[in-house]
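# Chain and residue survey
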Amino acid sequence: MSHDIAYWRKRLQNSQAELHTAFCEVADTARLLKQHAQLIDELLRDLWQQAGLPSSLTLCAVGGYGRSELFPHSDIDLLILLPDDHGAAFNQQLELLVRTFWDIGLAVGHSVRSPKECVDESAQDVTIRTSLLEARYIIGSRALLKSMQLQLRQNLDPVAFVRDKITEQNERHAKFNDTAYNLEPNLKDGPGGLRDLQNILWISHATGLGNSWNTLAKNGLITRKEAQQIRRQELFMQMLRVRLHYLAKRREDRLLFDFQNELAAQLGYVASPKKRASEQMMQRFYRSAKFIRLMNEILLQALQEQFLPHHPPTAINARFQIRDNLLEASAPDLLQQQPGAIFEAFLLLEQHPQLNGFSANILRDLWRVKSHINHTFRMDANNRRLFMEIMRQPHGVTATLRRMSRYGILGRYIPAFGRIEGQMQHDLFHIYTVDEHILNVLRNLRRFAVPKFTHEFPFCSRLIADFDKPELLYLAALFHDIAKGREGDHSTLGMADARRFCKLHDLSKEDTALVAWLVGQHLTLSLTAQKSDLSDPAVIENFARIVKTEHRLIALYLLTVADIRGTSTAIWNGWKAKLLENLFHLTQKWLQGHPANAATEIAERQKQAAELLAQDAIQPEAYRPLWSKFGRSYFLRNEAHEIAWHIRELLTADLEKPVVRARLGSAGEGIQVMIYTHDRENLFACICSFFERAGFNIVEARIHTTQHGYALDSFLVLDEENNALHYKELLNDIERGLTKKLESNKVPPPPMSGRISRQLKHFPIKPVVTLEPAKNNHQLSIIAGDRPGLLSCIAQSLLRHGASLHTAKINTLGKRAEDTFLISGAKGEKLAPETVANLKAELLWQL
């Protein structure tokens, strides 16, 4: 058959190209999927016949191909059925045939089994069992396929199948953190994706209720209208997947940033002043995914209630009862007749921990009656009281608010929340939509209060344990980003929303003021900790005057930690945790009447460092000469344990040569590096170049020049390359490599250039450079997309303009860099206005 390979390949390519052209002209998704399956059917039949295989064998389509839903670049799943007594007679022919499939460009996944082997394998694996349910005849013996299907049906346990498929779905959802609201969601396997719809039809097929939405409607599981709605959303998802395959030119089921802009353009979305075209398309996707997930939950619950054993109900009150650990209404039209019972149902879920959720009837009614949640509903005093009861419950708040969001209730009750459902965030560090991020922040706050999670954030757990009204924190979490996407500052707008909500829900003036203040200031603690010099007493005083009370400080600290953790787990690290905690303790001391005093702070740190050195039998006369040359600012910027470490290393080193020492970071993450050498203009640029080329990410730099012209710099770096070296080897490599670099005294090489991230490539951010006076210096703040060589680029710009660096706060949020530098002229003077203007212009041009 090898001489025909070119012919078959050309035939396949031409036929698939014709389908693509037809789809571009008229985007009929259902027709494309069916015609693609038919095209492959015809090709396989011809190849099968040419191979001369006997009529006693059967070639079957399974999986999506078996459903006649074949996407442009999906695998072609095949089952080759052999008689039970087949032996090895056909092995060589079949191997040659399958090789031919691959040679002509068909990505096949195949299995070769007898009917008995199919039944035996399916009994052990629910995935095989599912695939065989959809087996479709292509060519060969129809009788053999019917025999397999009959045996499969006879051995199929519907109850076990229902349980296995639900377990399988739960495991699949867990891989996506149980949310569809990732910024690059999976169309096929993610929650609310096509697989959720297929799962319903697999179960209904196995239980004899049909394998189409119209059949389910005939059998009473859904209404005709619901069947039409489901099919409409299914076609939308299928259309997106078809276009995604064509754009990627491969099997790709993730809505990657690489394709979102072009996909939106194909669908006719046009950017508006408030939203990109891709954001509008993605919001449409999230709404479809939300609907699909709800229908999946309703129908799976209905199928379980129909096929799994159940017990008599137990009444909770006159309106609700419990059956099989599910809450159900005593009357079928309860929620339509009494909309006020909507919040009561959610409250009962919290108050009865044995409940696993709602019955299918309640789920369906919630979907149907959500339009009843209108202005009249929101103004009802009892409904407002019930909502606050939900927020004040000791258990289940997070799960309940997630359910309210998933069922469309939360967005109806808080319209501002409804507006940010499915809203993208292209800030390069959030990995979820705005609404999902808000719910993640709420979850993080709740986890602080759960005893079994105290090991995660022990300090936060101690603080929240003494916080008398945690529901105020939860309300602040709900509103902190609720105004994103509107014109104006989202913190200020959200603060107004929060204040109105609190007043409407009869919170006291003090509680309302706290919630509104937290929303308005939710970024302040993080920005102060990560961008300001915390050794400067004025920074602490200014922040303390904003906070005013310890109660506010505790609340803001808890919200800030929960917020940063809710953006992305990759954003949080021990260094950020230490910065926030340091600012908390320094501010707490100020609020308690013990403000930081430079002279007192220096004396205290020197005393603590001396005690640490005494433990190593190091006497004051050994280090006092060095201390006298370090200068006051050194002792303000370094903690006692760092001062002691520096002295230990310097007393045993040759101080005429560069001294580089590395150790594990004191916060438990990263590597702390001390550098002591003759100061020179290009020192910071050389150090940045070394770390970047060695694969390290600088997260903090403390630059200090001693009174005798030496640099005593401290860097905190993270190992971005995840080197397999042991830490001891890693530390030694840093010490040797950087020492050699500094001894060479060569001009630093040009900044590295490398590939920028996919997200930054497709959603670039406009760089922002500000350069403002700060006492005798200037504060340089930079916001830009992070990329290889960025810090070296900044360092060399400073060098070219004669700027001297004093401190650097390097803050990387995902792929977004927010860096702050304290700079001056070469002799400590302020930069000339012309230099300031030129430096800003150069940085903006380079970033």
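The structure contained in this document is the topic of the report that follows.

### Quick look at the overall build of the chain
- Counting its secondary structure elements, the chain contains 39 helices and 17 strands.
- Referenced to the eigenvectors of the C-alpha coordinate spread, the extents of the chain come out at roughly 100 × 75 × 55 Å.
- When burial is assessed residue by residue, the chain has 55% of its 847 residues classed as buried.
- Counting only contacts in the chain whose residues sit at least 6 apart along the sequence, the fraction spanning at least 24 positions is 70%.
- When the accessible area of the chain is evaluated, it comes to approximately 36,900 Å², of which 50% is carbon and sulfur surface.
- Across the chain, 104 positive and 95 negative side-chain charges occur, with their mean positions spaced 4 Å apart.

### Structural notes on a negative patch on the surface
- A cluster of like negative charges, contributed by Asp84, Asp85, Glu117 and Glu121, occupies part of the molecular surface.
- Mapping Asp85 onto the fold places it in the loop between β2 (76-81) and α4 (91-103).
- By relative accessible area, which is 71% here, Asp85 ends up exposed.

### Structural notes on empty space enclosed by the protein
- Taken as a whole and assessed by the stated rule, the structure comprises three cavities of 30 Å³ or more.
- If you add up the space inside the largest cavity, you get close to 50 Å³.
- Every residue along the wall of the largest cavity is listed here: Leu19, Ala22, Phe23, Val26, Asp28, Arg31, Leu32 and Gln35.
- Per-class residue counts for the lining of the largest cavity are five nonpolar, one polar and two charged.
- As a volume, the second largest cavity reaches approximately 50 Å³.
- As for the second largest cavity, its lining consists of Tyr634, Arg637, Asn638, His646, Arg702, His704, Leu712, Asp713 and Ser714.
- At the level of elements, α33 (632-637) and β12 (710-719) are the ones that each hand at least two residues to the lining of the second largest cavity.
- For the lining of the second largest cavity, the element with the most residues is β12, which contributes three residues.
- Residue composition of the lining of the second largest cavity, grouped by class: two nonpolar, four polar and three charged.

### So, helix α27 (residues 524-531)
- Along α27, seven of the eight residues are buried, which leaves the element largely enclosed by surrounding structure.
- Listed in full, the buried residues belonging to α27 are Thr524, Leu525, Ser526, Thr528, Ala529, Gln530 and Lys531.
- On its buried face, α27 sits against α28 (537-547), α29 (550-567), α30 (574-591), β14 (777-785), β15 (803-809) and β17 (816-825).

### Observations regarding the packing of aromatic side chains
- All told, the structure shown has 28 aromatic pairs when counted by the stated rule.
- With a centroid separation of 5.2 Å and 85 degrees between ring planes, the pair formed by Phe346 and Phe358 is classed as edge-to-face. Of this pair, Phe346 sits in helix α15 (residues 341-351) while Phe358 sits in strand β8 (residues 357-358); the two residues are 12 residues apart in sequence, bridging distant segments of the chain. Across the pair, exposure class does not vary: Phe346 and Phe358 are buried alike.
- Between Phe448 and Phe457, the ring centres sit 5.7 Å apart and the planes meet at 70 degrees, which makes this aromatic pair edge-to-face. Of the two residues examined, Phe448 and Phe457, each falls in the buried class.

### Let's talk about the sheet that holds strand β1 (residues 58-61)
- Judged by pairing direction, the sheet is mixed, and its four strands sit side by side in the order β3-β2-β1-β4 without closing on themselves. Strands at the two margins of the open sheet, each flanked by one partner only, are β3 (108-113) and β4 (136-140). With direction set aside, neighbouring strand axes in the sheet form an average angle of 25 degrees.
- Pairing of β1 with β2, which is carried by four bridges, proceeds in the antiparallel orientation. Bridged to Cys60 within β2 is Leu79.
- Strand contacts of α4: β2 and β3, with the helix running at about 165 degrees to β3, the strand carrying the most contacts.

### A few points about the sheet that holds strand β7 (residues 326-329)
- Taken in spatial order, the four strands of this open sheet run β5-β6-β7-β8, and their pairing is mixed. Only two strands of the sheet have a single partner each, and these edge strands are β5 (314-315) and β8.
- Two elements, strand β6 (residues 320-323) and β7, share four bridges in a ladder whose sense is antiparallel. Paired with Arg323 across the strands is Leu326, a residue of β7.

### Considerations on the packing of α27 against α28
- For the pair α27 and α28, interaxial distance at closest approach is 11 Å and the crossing angle is 180 degrees. In this view, α27 runs roughly antiparallel relative to α28, as classed from their interaxial angle. When α27 is examined against α28, the residues Thr524, Leu525 and Thr528 are found in contact with a partner set consisting of Val539, Phe543 and Ile546.
- Of the residues that constitute the contact of α27 with α28, the class distribution is four nonpolar, two polar and no charged.

### What to know about the pairing of β15
- Within β15, five of the seven residues are buried, which leaves it mostly tucked inside the rest of the structure.
- The pairing of strand β11 (residues 696-702) with β15 spans three bridges and is classified as antiparallel. Paired with Glu700 across the two strands is Lys809, which belongs to β15.
- Here β15 runs beside β17; their pairing, made up of six bridges, is antiparallel. The residue bridging Leu805 from the neighbouring strand is Ile823, located in β17.

### Details of the environment of Glu42
- Position of Glu42 among the secondary structure elements: in helix α2 (residues 29-51).
- Along the sequence, Glu42 and Ile138 sit 96 residues apart, while their C-alpha atoms lie 8.5 Å from each other.

### Regarding the packing of helix α31 (residues 598-614) against helix α34 (residues 640-651)
- Interhelical geometry of α31 versus α34 gives an angle of 50 degrees and a closest axis separation of 8 Å. Classed by the angle they form, the pair α31 and α34 counts as oblique. Considering how the two elements wind past one another, α31 and α34 form a crossing that is right-handed. On α34, the residues touching Arg605, Gln608, Ala609, Leu612 and Leu613 of α31 are Ala640, His641, Ile643, Ala644, Ile647 and Arg648.
- Of the residues assigned to the contact of α31 with α34, the class counts are seven nonpolar, two polar and two charged.

### What about the pattern of salt bridges?
- A complete count under the given rule lists 40 salt bridges for this structure.
- Overlapping salt bridges bring together Arg67, Glu69 and Glu134 as one network.

### Quick look at unusual backbone geometry
- At Asn177, a residue that is not glycine, the phi angle is positive and equals roughly 55 degrees.
- In this fold, Asn177 is placed in the loop between α8 (158-174) and α9 (194-206).
- What makes Asn177 exposed here is its relative accessible area of 52%.

Quick notes on the rules
Residues numbered from 1 in each chain as written. Predicted model: local features only at pLDDT ≥ 70, side-chain atom pairs only at ≥ 80, totals over all residues. Heavy atoms only, no water. Helix = DSSP H or I, 4+ residues; strand = E, 2+ residues; numbered from the N terminus. Buried < 20%, exposed > 50% of the residue type's maximum accessible area, 1.4 Å probe, protein only. Contact = heavy atoms within 4.5 Å. Areas by Shrake-Rupley, 256 points an atom, 1.4 Å probe, with all protein chains shown as cover. Lys, Arg positive; Asp, Glu negative; His and termini not counted. Charge placed at Lys NZ, Arg CZ, Asp CG, Glu CD. Patch = residues over 30% accessible without salt bridge, like charges linked within 9 Å, V, L, I, M, F, W, Y side chains within 5 Å. Salt bridge = Lys/Arg side-chain N within 4 Å of Asp/Glu carboxyl O. 1 Å grid on protein atoms, 1.4 Å probe; cavity = no way out; pocket = protein on both sides within 12 Å on 5 of 7 lines; lining within 4 Å. Points joined across faces, edges and corners; volume = space filled by probe spheres on them. Nonpolar A, V, L, I, M, F, W, Y, C, P; charged D, E, K, R; others polar. Phe/Tyr/Trp six-rings, centres within 6.5 Å; stacked < 30°, edge-to-face > 60°. Pairing = 2+ DSSP bridges. Axes fitted to C-alpha atoms, helices over the stretch in contact; angles between N-to-C directions. Parallel < 35°, antiparallel > 145°, perpendicular 65-115°, else oblique. Left-handed = near helix turned anticlockwise from the far one by under 90°.

Functional significance is not addressed by these values, which are geometric in nature.
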